[in-house]
Amino acid sequence: MPRNSHQDALDDTKYRRLIEATDGLDEPFQTEAFAILVFGGRLGMRGGEICHLSEDWVNWERKMIEIPAYDACACGYCRQQAHLATQHDDELTIENAMAERWQPKTEHSIRTIPFDFDEEVEAAVEIFFDRFDGYEHSRASVNRRVDRVAEEAGIDPASIYPHALRATAATNLAYAGVPAPALQSMMGWSKLSTATKYIRLSGTATADALNAAFD
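The rules we used
- Residue numbering note: each chain is counted from 1, following its sequence as written.
- Local features are withheld for residues below a pLDDT of 70 in this predicted model, meaning they are given only at 70 or higher, and side-chain atom pairs are given and counted only at 80 or more; totals for whole chains, interfaces and linings count all residues.
- As a rule here, side-chain values come from all non-hydrogen atoms in the structure, and water together with hydrogens is ignored.
- The definition of a nonpolar core used throughout is a set of buried Ala, Val, Leu, Ile, Met, Phe, Trp, Tyr and Cys residues joined through side-chain atoms within 4.5 Å.
- A 1.4 Å probe rolled over the protein chains alone gives each residue an accessible area, and that area as a share of the maximum for its type sets the label: buried under 20%, exposed over 50%, partly exposed in between.
- A run of H or I in DSSP counts as a helix once it spans at least four residues, and a run of E counts as a strand once it spans at least two, with each numbered from the N terminus.
- Working rule for contacts: check all heavy atoms of both residues, and any pair within 4.5 Å makes them a contact.
- Fitting a line to C-alpha atoms yields each axis, with helices limited to the stretch in contact; the angle taken between N-to-C directions then spans 0 to 180 degrees.
- Note that the term roughly parallel is reserved for angles under 35 degrees, roughly antiparallel for angles over 145, roughly perpendicular for angles of 65 to 115, and oblique for everything else.
- Three classes are used: nonpolar for Ala, Val, Leu, Ile, Met, Phe, Trp, Tyr, Cys and Pro, charged for Asp, Glu, Lys and Arg, and polar for all others, with Gly counted as polar.
- In this analysis, rings of Phe, Tyr and Trp, with Trp reduced to its six-membered ring, are considered paired at centre separations within 6.5 Å, and the interplanar angle assigns stacked below 30 degrees, edge-to-face beyond 60, and tilted for intermediate values.
- When DSSP finds two or more bridges between a pair of strands, those strands are recorded as paired.
- A helix's residues, less one, multiplied by 1.5 Å, set its expected span.
- By definition, the arc is the one covered by directions from the helix axis to the C-beta atoms.
- We call two N or O atoms a polar contact when they sit within 3.5 Å, provided that within protein one can donate a hydrogen and the other can accept it, with sequence-adjacent residues counted only if both atoms are side-chain atoms.

Considering the nonpolar core
At step 1: Among the nonpolar cores identified, the biggest contains 54 residues, and Leu 18, Phe 39, Leu 43, Met 45, Ile 65 and Leu 183 are the most heavily contacted of them.
At step 2: Per-element tally for this core: the top contributor is helix 2 (residues 29-41), with seven residues.
At step 3: Contacts of Phe 39, omitting those with residues within four sequence positions, involve Gly 44, Met 45, Ile 50, Leu 53, Ile 65, Val 125, Phe 128 and Phe 129.

Concerning the packing of helix 2 against helix 7 (residues 139-153)
At step 1: Across the interface, helix 2 lies against helix 7 with an axial gap of 9 Å and an inter-helix angle of 95 degrees. Between helix 2 and helix 7, the angle is such that the two are roughly perpendicular. In this structure, helix 2 contributes Phe 29, Glu 32, Ala 33, Ile 36 and Leu 37 to the contact, and helix 7 contributes Val 142, Arg 145, Val 146, Arg 148 and Val 149.
At step 2: Here the residues of the contact of helix 2 with helix 7 are counted per class, giving seven nonpolar, no polar and three charged.

Considering the side chain of Thr 168
At step 1: Its location among the elements puts Thr 168 in helix 8 (residues 162-175).
At step 2: With a relative accessible area of 2%, Thr 168 lands in the buried category.
At step 3: Ignoring sequence-local partners within four residues, the contact set of Thr 168 consists of Ala 9, Leu 10, Tyr 15, Gly 41 and Arg 42.

Points about the packing of aromatic side chains
At step 1: Tallied over the entire structure, the rule returns six aromatic pairs.
At step 2: Look at Phe 128 and Phe 132: their rings are 5.2 Å apart centre to centre, the planes differ by 45 degrees, and that puts the pair in the tilted class.
At step 3: Between Trp 189 and Tyr 198, the ring centres sit 5.3 Å apart and the planes meet at 15 degrees, which makes this aromatic pair stacked. One exposure class covers both Trp 189 and Tyr 198, and it is buried.
At step 4: In textbook terms, an aromatic cluster arises when at least three aromatic residues are bridged by ring pairs, as seen for Phe 39, Trp 60, Phe 115, Phe 128, Phe 129 and Phe 132.

Some thoughts on the sheet that holds strand 1 (residues 58-59)
At step 1: The strand order across the open sheet built from three strands is 1-2-3, with neighbouring strands paired in antiparallel fashion. Two strands lie at the open edges of the sheet, namely strand 1 and strand 3 (112-114), each paired on one side alone.

Quick notes on helix 8
At step 1: With 14 residues, helix 8 ought to run about 20 Å at 1.5 Å a step, and its terminal C-alpha atoms sit 20 Å apart, in line with that.
At step 2: By the criterion of burial, helix 8 is predominantly enclosed, with eleven of the 14 residues buried.
At step 3: Turning to helix 8, its buried residues are Pro 162, Ala 164, Leu 165, Arg 166, Ala 167, Thr 168, Ala 169, Ala 170, Thr 171, Leu 173 and Ala 174.
At step 4: Just beyond helix 8, the residue with positive phi is Gly 177, at close to 95 degrees.

Some remarks on helix 1 (residues 12-21)
At step 1: Inspection of helix 1 places Tyr 15, Leu 18, Ile 19 and Ala 21 among the buried residues, and these make up the whole buried set. Angularly, the buried residues of helix 1 cover 165 degrees about the axis, an arc narrow enough to put them on a single face. Residues of helix 1 that are exposed and angled more than 90 degrees away from the buried face: Thr 13 and Glu 20.
At step 2: Among the structural elements, helix 2, helix 7 and helix 8 are those in contact with the buried residues of helix 1.
At step 3: The N-cap of helix 1, judged by a side-chain oxygen 3.2 Å from the amide nitrogen of Thr 13 a few residues on, is Asp 11.

Fair warning: the whole summary comes from geometry, so function is off the table for now.
Structure below.
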């Protein structure tokens, strides 16, 4: 039976091991890897969102990352996806296909992600953009940096991957008591049931009900 990413969500101890392991990396790899862990593991961003992240997406006044509906991009990943699109549509040219890149996974992925709810997260976003204008590498490089940090932390890289970090963020937020609609909005899920699953697994709904009943 295939595993769901929520089964690979990291507990806080393992996540902290990864964060601490970035200290042993050289720059700029260290800052990039640390940012990926935070963007994925605390803000719930997808790997494809991280590798296209630019400061243009950041609303510093509101302290939010705003995932757009479209962003012009000519990176290798987007070019590859454009070529694949033309193979399934004889009337689509590579120029027109490229004109539609980058786009989020679904319409629900177009969202705003607050990052000032945690001082460490806010600091990580600021540190990254103090050094870079955005993430300037390929989608595959996100995986490579996650693998490298896992190796540094002494954790099997096969158990750590970008979507597992995203599940880690969802789990962390669910444990913190974020209600289902807010969790759905932040993660960009199309179904509320996905958010309620994480909340059910966290046990916070049960705890809240018991506290209310015996208050």
